[in-house]
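# Results of the structural survey
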4 protein chains.
Amino acid sequence: MSHDKSSLLNKTVEHLDLTGLKGCAALVKAMGDTAFQARNLSRATDIYEMMLKDKDCMIILCLAGSLVSAGMKKIIVDMIENNMIDAIVSTGANIVDQDFFEGLGFRHYQANPYAVDDNKLQEMMIDRIYDTYIDEENLRDCDHTIFEIANKLTPRAYSSREFIQIMGAYLMKHGKNKNSIVRAAYEKNLPIFVPAFSDCSAGFGLVLHQVKNPEKHLAIDSVKDFRELTELKIGIKDSGLLMLGGGVPKNFAQDIVVAAELLDHDAAMHKYAVQITVADERDGALSGSTLREACSWGKVSTTFEQMVFAEATLAFPLLAAAAFENGAAKQRSAKHLSKQFPSLMEEEAKM
Amino acid sequence: MSHDKSSLLNKTVEHLDLTGLKGCAALVKAMGDTAFQARNLSRATDIYEMMLKDKDCMIILCLAGSLVSAGMKKIIVDMIENNMIDAIVSTGANIVDQDFFEGLGFRHYQANPYAVDDNKLQEMMIDRIYDTYIDEENLRDCDHTIFEIANKLTPRAYSSREFIQIMGAYLMKHGKNKNSIVRAAYEKNLPIFVPAFSDCSAGFGLVLHQVKNPEKHLAIDSVKDFRELTELKIGIKDSGLLMLGGGVPKNFAQDIVVAAELLDHDAAMHKYAVQITVADERDGALSGSTLREACSWGKVSTTFEQMVFAEATLAFPLLAAAAFENGAAKQRSAKHLSKQFPSLMEEEAKM
Amino acid sequence: MSHDKSSLLNKTVEHLDLTGLKGCAALVKAMGDTAFQARNLSRATDIYEMMLKDKDCMIILCLAGSLVSAGMKKIIVDMIENNMIDAIVSTGANIVDQDFFEGLGFRHYQANPYAVDDNKLQEMMIDRIYDTYIDEENLRDCDHTIFEIANKLTPRAYSSREFIQIMGAYLMKHGKNKNSIVRAAYEKNLPIFVPAFSDCSAGFGLVLHQVKNPEKHLAIDSVKDFRELTELKIGIKDSGLLMLGGGVPKNFAQDIVVAAELLDHDAAMHKYAVQITVADERDGALSGSTLREACSWGKVSTTFEQMVFAEATLAFPLLAAAAFENGAAKQRSAKHLSKQFPSLMEEEAKM
Amino acid sequence: MSHDKSSLLNKTVEHLDLTGLKGCAALVKAMGDTAFQARNLSRATDIYEMMLKDKDCMIILCLAGSLVSAGMKKIIVDMIENNMIDAIVSTGANIVDQDFFEGLGFRHYQANPYAVDDNKLQEMMIDRIYDTYIDEENLRDCDHTIFEIANKLTPRAYSSREFIQIMGAYLMKHGKNKNSIVRAAYEKNLPIFVPAFSDCSAGFGLVLHQVKNPEKHLAIDSVKDFRELTELKIGIKDSGLLMLGGGVPKNFAQDIVVAAELLDHDAAMHKYAVQITVADERDGALSGSTLREACSWGKVSTTFEQMVFAEATLAFPLLAAAAFENGAAKQRSAKHLSKQFPSLMEEEAKM
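What counts, and where the lines are drawn
Residues numbered from 1 in each chain as written. Chains lettered and ligands numbered in written order. Predicted model: local features only at pLDDT ≥ 70, side-chain atom pairs only at ≥ 80, totals over all residues. Heavy atoms only, no water. Least-squares fit on C-alpha atoms with pLDDT ≥ 70 in both. Contact = heavy atoms within 4.5 Å. Core = buried A, V, L, I, M, F, W, Y, C linked by side-chain atoms within 4.5 Å. Buried < 20%, exposed > 50% of the residue type's maximum accessible area, 1.4 Å probe, protein only. Helix = DSSP H or I, 4+ residues; strand = E, 2+ residues; numbered from the N terminus. Pairing = 2+ DSSP bridges. Right-handed = clockwise from strand over helix to strand, strands pointing away. Salt bridge = Lys/Arg side-chain N within 4 Å of Asp/Glu carboxyl O. Domains from an automatic or database assignment. Buried area = accessible area lost by both parts, 1.4 Å probe. Polar contact = N/O pair within 3.5 Å; in protein donor to acceptor, adjacent residues only side chain to side chain. Nonpolar A, V, L, I, M, F, W, Y, C, P; charged D, E, K, R; others polar. pLDDT = per-residue confidence, 0-100. Expected span 1.5 Å × (residues − 1). Bend = angle between axes of the 7 residues up to and from the residue. Axes fitted to C-alpha atoms, helices over the stretch in contact; angles between N-to-C directions. Parallel < 35°, antiparallel > 145°, perpendicular 65-115°, else oblique. Left-handed = near helix turned anticlockwise from the far one by under 90°.

With that settled, the discussion passes to the relation of the copies chain D and chain C. Between chain D and chain C, the superposition needs a rotation of 180° and an axial shift of 0.0 Å, giving an RMSD of 0.0 Å. Expressed as an axis order, the relation between the two copies is that of a two-fold axis. If distances are taken from each C-alpha of chain D to the rotation axis, the shortest is found for G23 of chain D, at 2.0 Å. The share of interface residues of chain D whose copies in chain C are also at the interface is 100%, consistent with both copies meeting through the same surface.

Written out as structure tokens, the structure reads:
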């Protein structure tokens, strides 16, 4: 069977739209009286709804894994627009390669993971994520847009949060798809942190920027990210974590409790914590470490914590659908946390 | 903290009731355009609905893992009553220790897996399945009921299917909970096979029966089980497998294609096959082996097969809820497959 | 139990030093001062060596997964010949489709799991187990040999243990490869139990036997298996389990403690228990349930139990190599447990 | 490619023979004729030895997961000292919280993961990593050392590689344990990159540094890391990856091929790649994505790639022991790659 690029890139991934969906809340509630991961998911949903009703609580959404390419984007956008999260900590792939990428008008495509040899895909410039395809030429456009954004900015040290905010301003002017996390976050002054910002499409654009501007270029200061997120923690009474996957975002968001303490602030442990992950504790790695273990480190309180051992595309939509349907966020308003930081208006205006 | 038995056994597991639930079908359908296990689940649901609409297809439900204790029982009972499955192949625990046990009026209880030391539980005669408790005294009643049933029967070789059918007759007269797979199957003449029948509560009762009746006792002939299920396959055009977990039921149900061929019948491979499992192929074991691999063995056709890598308590209710809501079985009638075998009326009458 | 900090921080992690390392036993020993599964494997090996030095202990090896086709056969044969195990409980595939099959002179072949489409393999009559191939024509010879063995036997109810012992006698006369578990067990009077005996190549041969001999045929009575293994437990002071994989063998071997108690014998819980498995406890299934959980059921003592979460082909050779090298079985003699059951000489003579 | 049956069935599985086995190298070699992860490990070891013999190949060791606390440190130190790796990309925990920490004279402790409640541990300031304890007071000393190092440095943008090199200089003067990755790397001019450098103990010290020095402080520029590693790739003919775990290090090290191409250099894909991980591809996340998938992205050649699905503490020592024993690196000399970058002598002298 021969394959050509356009026949392989012909069925787009469509983002799950949970608005208006009714019925899942009843299922998730009933799961609370069953067992295993169904019961865990139900309890995790309860804890997330507790966060939503706790007005003094900053909710941080942590993202690892390929969630945007997998059709989870609109759920997150809806959460932002309905004031159901207050900050995001993510891997770069979700925010830059996938969300910003789609904001520029590009798409992800459904694939059969067994159908085409990866060497063939490489020749056709098609990148594969398990059962999803990406047109690498589009991705290079995305890299290049980052390069151009960087070139316009005052050469200084930026946090990833600052850079992503400016990317939001870029999308407001030049974006071709309003359904974007980066754009929605920009509009809601919701900060997005990517602690390993070079480890994605942004890295390519920024390396090119530094190489082409050897004397005067910007830097992405990951310490500044950590400092900013810690400041947000210091400025609020309570906090809760809604974590999809583990990795750097999980560790980074947990660590701000300890950082706040180190800065002589009497910060409370994260009061609520939920993690949806396929990882488990048996290899000792952070991604699958239990939230109980995080308590020994003084990061997470054990009272309202729940691990859900499940693949995110199955468990997250159920949790989110129940939370939407139950309207737990109705009394909640946007926290506009980015406004606590110095204005970026001047840089944004250059986009 | 001290614990007493009654305080630990105070919150029952409640079985998920999907009847009347609306909304999940839309979610599952939309998942078909996303990725990873959400897309796999959506396709698996489509394939199951194809089976339901294919009137000449025998649908075999395979059960491994602790599904009944985990609140999945009523879904299966509803499937039986709505003609959505035609035969069951299961581990003994689901059918005897859990379903027949509940049919006798006993219950499972919700537990916190970390709360009480297992040595303490053992002293209190509480058995634990991850986050679920069982009163072992009830379980011994269940063992003893099997013993009494066996004592009443003509001493000969029975298939597990025959014995379970007689258990169904027992529940019709003495059961205390109508919501039972064994009972519903009895009423619908739906055969249930447990290929490793001694490996559960039934084994305890039957060993006691043999020891107390050294000269004249019944036997459970697992060859007869295999023969009977193969005969069902030979007698029908097509077949489909809906598998929860792997283990012996998966292998046993797949093997009947090869057995039919060995008996010189021109049996088609299973036309449809869906498996929900957490196992994966990397250890080479059957439970996680792909359905493609099963094709090399001549057991399963690859056209309509789908693995869903997920914990069953999360994925199975979604698949089932969608199938119920979509009414794919509406044109389907009960196959009453047990009627193909010699009558057990005489033995049933002894209960 | 109260804890103070210094008593908790008193055993340092020691870094593995591979320089000058002499042999696998030294490696496994050094792993005992590391962490995660390396430490677990080291402790499991210690526990296995304790079993070997405990003369009053019956060691039961439990086998699930495709271990023989994966090259683990000779380790098990050597364990039998060096009196390092006393009984085996297994899935049918390991004993019949793989070991007896190789005893007949057939082989397994290395495969690249991605190289050939499974539909193509099916056309060529090649069966695949992940990265291994089998010639299905050989497998049919194996099925047929079982058929012929069954035809020669007195038609009565046999335990799988009895039938496998007769298969051992068959291999003694007609076998073409001395390196066989079934044959070595025969020579050492070591009983092998396959609780789901129809669920393998034996099932095919036996179904054919029953169909061709509708009036007079043998049966495989799985209750008898359970009874026999329980009798062995009753007849000995202590017992230990060495489990590769989970499934029916794990449950079956654990259950004999409860069965012995049911028969009014004061049987001790299994004193030692080691399991190597990739499964975990999060889905509530038996295969990955912890040995602590088994304690709540009164099956396994928690003092000397160890789970090793690892794929068997990596972990089992290390454990076995260390046990061989350390010579922990030197003082041990064969228990010849099959001699406790009625003689099968008459049937064996028919082979 | 056409296949015939005899060409597919031409390489038999050989059973592991542990009798008379001499050393780990012989075991790993013999595993190459078995199946599943044992065979995968054997092939991975072969590929690693090919890298070692390929003089024009830069070997990058990628570390994710808690490897140093788990007793794997000395293996890595020995690899550095024997010229068996040329660069390291790691998570921060391994390099700062664990290795630099031990270099300061602190230790990790063995723990029973079930023995003490995590709330109790938190009160005692004991941090837990699965079955390992850390004295949090020691960890704060470590944080503070980073703070002091940062305070002494010229306030500019550093790559993590630069900062870690300076930490090496610090250990040369003030360290209390010579067995250190950071120190050994310093002595061999071997660059260590930590792309998410704030996401560990370093982050705490550096945040404090920035807060205490609001006007003049250093930054950690993750773009510079990416640029430096890409320059190393550009400067050498071939490269190979030896990856323990996934996460940011895996992605970061793979991405430099694409970055080099973006900078208009004709960089070859990584010629060799080996990953040991427990993650799998089913959730679509990068950590478990196959190296074949990486080929579609143009990052890794498929000719010499091997995934080993195993927990690192079991599989890595075997691979390393075989490589040591076989002496594949004997002809290899240190590449001193850090010397390609501007000297840090002035900053190092301040320690």
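Next, the rest of the story.
This part is about the nonpolar core. Ranked by size, the top nonpolar core spans 246 residues in total, and within it Y48 and F163 of chain A together with Y48 and F163 of chain B carry the most contacts. The contact partners of Y48 of chain B, leaving out residues within four places of it in the chain, are I59, M79, M84, I85, L242, L319 and A323 of chain B. Counting residues in each nonpolar core, the second largest holds 243 residues, with L232 and A253 of chain A, L241 of chain B together with I146 of chain C among its members.

Glancing now at the pairing of strand β11 (residues 300-309) of chain A. All names here are of chain A. In terms of burial, β11 is largely enclosed, as seven of its 10 residues are buried. Sheet topology places strand β10 (residues 270-277) next to β11; seven bridges connect them, and they run parallel. Counted as the bridge partner of A273 is E305 from β11. Regarding topology, helix α13 (residues 291-296) serves as the crossover connection from β10 to the parallel β11, and that connection is right-handed.

Now for the pattern of salt bridges. Side chains bearing opposite charge may pair, as long as their charged atoms lie close to each other. Taken as a whole and assessed by the stated rule, the structure comprises 96 salt bridges over all chains. Two residues, K74 of chain B and D78 of chain B, come together in a salt bridge whose shortest N-O distance is 2.8 Å. Within this pair, K74 of chain B and its partner D78 of chain B are both found in helix α4 (residues 68-81), separated by four residues, close to a single helical turn. One exposure class covers both K74 of chain B and D78 of chain B, and it is buried. We note a salt bridge from R39 of chain C to D131 of chain D, for which the minimum N-O separation is 3.6 Å. In this pair, R39 of chain C is assigned in helix α3 (residues 36-53) and D131 of chain D in the loop between β4 (126-129) and β5 (132-135), connecting two distinct chains.

Take the domain arrangement of chain A next. All names here are of chain A. Segmenting chain A into domains produces domain 1 (14-43) and domain 2 (57-330). The C-alpha centroid of domain 2 is placed 24 Å from the C-alpha centroid of domain 1. Each side of the interface is counted separately: domain 1 has 17 residues, and domain 2 has 26 residues. Carbon and sulfur atoms supply 61% of the area that domain 1 and domain 2 bury against each other, a total of about 1,900 Å² over both sides. Of all residues in domain 1, the largest losses of buried area upon contact with domain 2 belong to H15, L18 and L41, amounting jointly to 34% of the total for that side. Linking domain 1 with domain 2 are two salt bridges, by the criterion used here.

At the junction of the two partners, chain B supplies 66 residues and chain C supplies 66 residues. Carbon and sulfur atoms make up 60% of the area that chain B and chain C hide from each other, which totals about 5,700 Å². Per-residue buried area on chain B facing chain C is highest for Y130, F204 and W297 of chain B; these three make up 12% of the total on that side. At the surface where chain B touches chain C, the tally comes to four salt bridges. When the shortest N-O distance is used, the salt bridge between R140 of chain B and E261 of chain C registers 3.5 Å. The tally of links between chain B and chain C comes to 27 residue pairs in polar contact (both at pLDDT 80 or more). Those elements giving two or more residues to the side of chain B that touches chain C turn out to be α6 (118-123), β4 (126-129), α7 (136-152), α10 (201-212), β8 (219-220), α11 (222-234), α12 (247-262) and α13 (291-296) of chain B.

How large an interface is tends to be reported as the accessible area lost when its parts come together. The interface of chain D with chain C comprises 70 residues on the first partner and 70 residues on the second. The largest share of the area that chain D buries against chain C comes from H15, F36 and Q110 of chain D, three residues that together contribute 14% of it. Inspection of the chain D/chain C interface yields 40 residue pairs in polar contact (both at pLDDT 80 or more). Mapped by element, the contributors of at least two residues to the side of chain D that touches chain C are α1 (5-8), α2 (23-31), α3 (36-53), α4 (68-81), β3 (109-110), β4, β5 and α14 (312-326) of chain D. With nine residues, α4 of chain D is the largest single contributor of residues to the side of chain D that touches chain C. In terms of residue class, the side of chain D that touches chain C is built from 36 nonpolar, 17 polar and 17 charged.

In this model, chain A carries an average pLDDT of 96, and 99% of its residues clear a pLDDT of 70 or more. Across the interface, the model reports ipTM at 0.96; the global pTM reads 0.97.

Before going further, it helps to spend a moment on α12 of chain B. For an α-helix, the turn length of 3.6 residues means that residues three or four places apart are oriented alike. Residue and element names in this part refer to chain B. Here α12 contains 16 residues, and its C-alpha end-to-end distance of 23 Å stays within 8% of the 22 Å for a straight helix at 1.5 Å per residue. The largest bend in α12 amounts to roughly 30° and is located at I256. Counted residue by residue, α12 has 13 buried out of 16 residues, so it is predominantly covered. Remark: D264 follows α12 within two positions and exhibits a positive phi of approximately 70°.

On to the packing of helix α2 (residues 23-31) of chain C against helix α14 (residues 312-326) of chain C, then. Residues and elements named next belong to chain C. Between α2 and α14, whose axes approach to 8 Å, the crossing angle comes to 115°. By the angle class used here, α2 and α14 are roughly perpendicular. Note that α2 runs across α14; the crossing there is left-handed. Packed against α2, whose contacting residues are G23, C24, A25, L27 and V28, the element α14 presents L318, A321, A322, E325 and N326 at the interface. Residue composition of the contact of α2 with α14, by class: seven nonpolar, two polar and one charged.

Let us look at unusual backbone geometry. Backbone geometry at H336 of chain A places phi at a positive 45°, although glycine is not the residue there. Locating H336 of chain A in the fold gives a position in the loop between α14 (312-326) and α15 (345-348). We note that M125 of chain C has phi near 60°; this positive angle belongs to a residue other than glycine. Inspection of the secondary structure puts M125 of chain C in the loop between α6 (118-123) and β4 (126-129). Residue classification places M125 of chain C among the partly exposed positions, given a relative accessible area of 26%.

Across the sheet, three strands lie side by side as β3-β5-β4 (chain A); this open sheet has antiparallel pairing. Each edge of the open sheet is held by one strand with a lone partner, namely β3 (109-110) and β4 (126-129) of chain A.

Moving on, we come to the environment of K55 of chain A. Residues and elements named next belong to chain A. The topology assignment puts K55 in the loop between α3 (36-53) and β1 (57-63). According to the relative accessible area criterion, K55 is exposed, its value standing at 55%. Placed 170 residues apart in sequence, K55 and D225 show a C-alpha to C-alpha distance of 25 Å. Beyond its immediate stretch of four places on either side in the chain, K55 contacts Q331 and K335.

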